[in-house]
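# Analysis of the macromolecular model
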Amino acid sequence: MVAFMRQEEGLLNLIQKVFVSGKLRTKKMQRKRRYKTYMAPGSSNEKNTDDGQASKENFIHLCNPHLEKMKEDILYHFALGTGTHDFPSLFGDVKFVCVGGSPSRMKAFIAYIAEELGLGTPGCDYPNICAGTDRYAMYKVGPVLSVSHGMGIPSISIMLHELIKLLYHAKCSDITIIRIGTSGGIGLKPGSVVITRQSVDATFKPQLEQVVLGRTVIRSTNLDEQLAKDLMQCSKEIGQFNTVIGNTMCTLDFYEGQGRLDGAICLYDEEEKLQYLKNAYESGVRNIEMESSVFAAMCNLSGLKAAVVCVTLLNRLEGDQISSPHDVLVEYQKRPQKLVGYFIKKSLGKV
Ligand code: URA
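Residues numbered from 1 in each chain as written. Predicted model: local features only at pLDDT ≥ 70, side-chain atom pairs only at ≥ 80, totals over all residues. Heavy atoms only, no water.

The test is simple: UniProt positions are given in the numbering used here, feature names are shortened, and annotations may be inferred rather than shown by experiment.
As recorded in an unreviewed UniProt entry, the chain goes by the name Uridine phosphorylase, listed as coming from Taeniopygia guttata. The record held by UniProt for the chain lists under Pathway (unreviewed entry) the comment "Pyrimidine metabolism; UMP biosynthesis via salvage pathway; uracil from uridine (phosphorylase route): step 1/1." In UniProt, the chain has this text filed under Function (unreviewed entry): "Catalyzes the reversible phosphorylytic cleavage of uridine to uracil and ribose-1-phosphate which can then be utilized as carbon and energy sources or in the rescue of pyrimidine bases for nucleotide synthesis. Shows broad substrate specificity and can also accept deoxyuridine and other analogous compounds."

As structure tokens, then:
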């Protein structure tokens, strides 16, 4: 396992050495390679603007050399393809991508952000760009793309593979991607918002274990520190709800995986459950959800600046069932949207 992890790290290091450490000698070569695969995470490219000034742009790093050989790329679960859709003209201006579990929440988010950015018309319906499929829903207004990802690691992983390719084919640069969602809190008042410092697994390690070609690979789940701080500052400026930066535990299921006592199967007692959650708290975990680890790992490998912002629907030290009234839960779910909406507005100089 460790050997394979080293092998993967070795490959990334090699990529980094070749493409980041100045071994692409001339600017001409750099420009030529701008959209090539294997751009190392965190690298940027110099581009001459119309007035001759050099500007730095971060492009998507596609860790897959095979894609370059394909004449056409069909993003099956989005019902979009490079042979049928002009990605640069449809998506080339995207700068912020927000992803969340539910299609209706992501539609509500696009309506909210359109209003906030002054880009909406009252009563306007936002068309689902992925209307050709019911797997995922996608909405766009100005520089903001809003995409649903369903529940759990497998679902968000499939969506992210296609989303990252979409951004690459569209030649997008300087993207900020944020997962907005719900979670179970640990030791926090329900309704608190957690900005993830690190996504950790069910043993509190900041990693994602994935089986590729029958071998386990381990990927880092770090998120952008500065982005987390910027989001925290935004929450302070809004001043409407409690927000903390903490670790987020990403589990494989909602019931046993999160130590609940109310699933169809539970072979541990309340004391064991509470001890586990307290251990999680001690290790820095403040909330639990089911998507952040693969989100962080894939964004890391693709050089995307990423954050996770989730509201807590309950305090898991006090119970397992989500029993708050519907209107209270609806208001809680708007909190990550408000925070990220404010961040986008501020980033665009509209606050
Ligand atoms: N989402 C989760 O994964 N867990 C919770 O407890 C609540 C929302």
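### Regarding the pairing of strand β12 (residues 243-250)
For clarity, the cut-off: Partly exposed residues are those whose accessible area sits between 20% and 50% of the maximum for their type, while under 20% is buried and over 50% is exposed, using a 1.4 Å probe and protein chains only. Helix and strand labels come from DSSP, where a helix needs a run of H or I of at least four residues and a strand needs a run of E of at least two; each type is numbered from the N terminus. Strand pairing requires that DSSP identify at least two bridges connecting the strands.
By the criterion of burial, β12 is predominantly enclosed, with six of the eight residues buried. Two elements, strand β9 (residues 193-200) and β12, share six bridges in a ladder whose sense is parallel. Note on β12: the bridge partner recorded for V194 is V244. Pairing of β12 with strand β13 (residues 285-289) involves four bridges; the strand directions are parallel. Pairing of T248 across the sheet is with N287, part of β13.

### What to know about the site of the ligand
Convention followed: Any residue with a heavy atom positioned within 4 Å of a molecule or strand is treated as near that molecule or strand. Identification of polar contacts relies on pairs of N or O atoms within 3.5 Å, with a donor-acceptor requirement for protein atoms, meaning one able to donate a hydrogen and the other able to accept it, and with residues adjacent in sequence counted only if both atoms are side-chain atoms. Residue burial considers only the protein chains on display, and all accessible areas are found by Shrake-Rupley using a 1.4 Å probe. Polar here means any residue outside two lists: the nonpolar Ala, Val, Leu, Ile, Met, Phe, Trp, Tyr, Cys and Pro, and the charged Asp, Glu, Lys and Arg; Gly therefore counts as polar.
Around the ligand sit T182, S183, G184, F254, Q258, R260, I288, E289, M290, L314 and I322, and that is every residue in its neighbourhood. Residue Q258 places a side-chain N or O atom 2.9 Å away from a nitrogen atom belonging to the ligand. Between the ligand and the protein, one listed contact pairs an oxygen atom with a side-chain N or O atom of R260 at 2.7 Å. With the chains in place, 94% of the 240 Å² that the ligand exposes on its own is no longer accessible. When contributions to the shell around the ligand are tallied by element, the ones reaching two or more residues are β8 (176-185) and β13. Ranked by residue count, the leading element in the shell around the ligand is β8, at three residues. Across the shell around the ligand, the residue classes tally to five nonpolar, four polar and two charged.

### With respect to the packing of aromatic side chains
Formally: Centres within 6.5 Å are what make two rings of Phe, Tyr or Trp a pair, Trp counting through its six-membered ring; a difference in plane orientation under 30 degrees is then read as stacked, over 60 as edge-to-face, and the rest as tilted. Any Lys NZ or Arg CZ found within 6 Å of a ring centre and within 35 degrees of that ring's normal is scored as a charge over the ring.
Inspection of every chain in the model, using the stated rule, returns five aromatic pairs. Seen in terms of ring centroids, F254 and Y255 are 5.0 Å apart; in terms of plane orientation they differ by 70°. Their pairing is edge-to-face. Residue F254 is classed as partly exposed on the basis of its relative accessible area, which comes to 29%. The aromatic ring of F254 is capped on one face by R260, whose charged end is 3.8 Å from the ring centroid. The ring of Y281 has R286 lying over it, and the distance from NZ or CZ to the ring centre is 3.7 Å.

### With respect to the nonpolar core
We apply this condition: The criterion is simple. A nonpolar core is a set of buried Ala, Val, Leu, Ile, Met, Phe, Trp, Tyr and Cys residues joined through side-chain atoms within 4.5 Å. For each domain, the first and last residues come from an automatic or database assignment. Any two residues having at least one pair of non-hydrogen atoms within 4.5 Å are treated as being in contact.
F78, V97, L163, L166, I177 and F295 are the most contacted members of the largest nonpolar core, which has 42 residues in total. When we break this core down by domain, the ones giving at least three residues each are domain 1 (59-174) and domain 2 (180-351). When residues no more than four places from it in sequence are discounted, the contact partners of V97 are L145, V147, L163, L167, I175, T176, I177 and I178. Core analysis: the second largest hydrophobic core is formed by 36 residues, I113, Y126, L231 and V311 among them.

### Comments concerning the packing of helix α5 (residues 153-169) against helix α8 (residues 292-301)
To be explicit about the condition: Every axis in this analysis is a line fitted to C-alpha atoms, fitted for helices over the stretch in contact. Angles between the N-to-C directions lie between 0 and 180 degrees. Between 65 and 115 degrees an angle is taken as roughly perpendicular, under 35 as roughly parallel, over 145 as roughly antiparallel, and anywhere else as oblique. Helix crossings are classified by the rotation of the near helix relative to the far one: an anticlockwise turn of less than a right angle makes the crossing left-handed, while a clockwise turn makes it right-handed.
At a minimum axis separation of 9 Å, α5 and α8 run at an interaxial angle of 25°. Taken as axis vectors, α5 and α8 run roughly parallel relative to one another. Seen along the crossing, α5 lies across α8 with a hand that is right-handed. Contacts from I153, I156, S157, L160, H161 and I164 of α5 reach α8 at S293, V294, F295 and M298. In the contact of α5 with α8, the residues fall into seven nonpolar, three polar and no charged.

### Examining the confidence of the model for the chain
As a note on interpretation, predicted positions should not be read in detail where pLDDT is low. Heads up, the condition is: Values of pLDDT, ranging from 0 to 100, describe the predictor's confidence in every residue of the model.
Per-chain confidence: the chain averages 88 in pLDDT, with 84% of residues scoring 70 or above. Taken together, the stretch residues 1-7 has pLDDT below 50 and engages in eight contacts with residues farther than four places along the chain or on a different chain. Across residues 10-52 the pLDDT falls below 50, and counting only partners more than four positions away or on other chains, this stretch makes 76 contacts in the model.

### Points about the UniProt feature "binding site: substrate" (unreviewed entry) in the chain
What UniProt calls "binding site: substrate" (unreviewed entry) maps, in this numbering, to Q258 and R260. Here Q258 lies in the loop between β12 and α7 (270-282). Using a relative accessible area of 3% as the deciding quantity, one classes Q258 as buried. Excluding its chain neighbours within four sequence positions, the residues that come into contact with Q258 are T251, D253, L277, I288, E289, M290 and R316. Position of R260 among the secondary structure elements: in the loop between β12 and α7.

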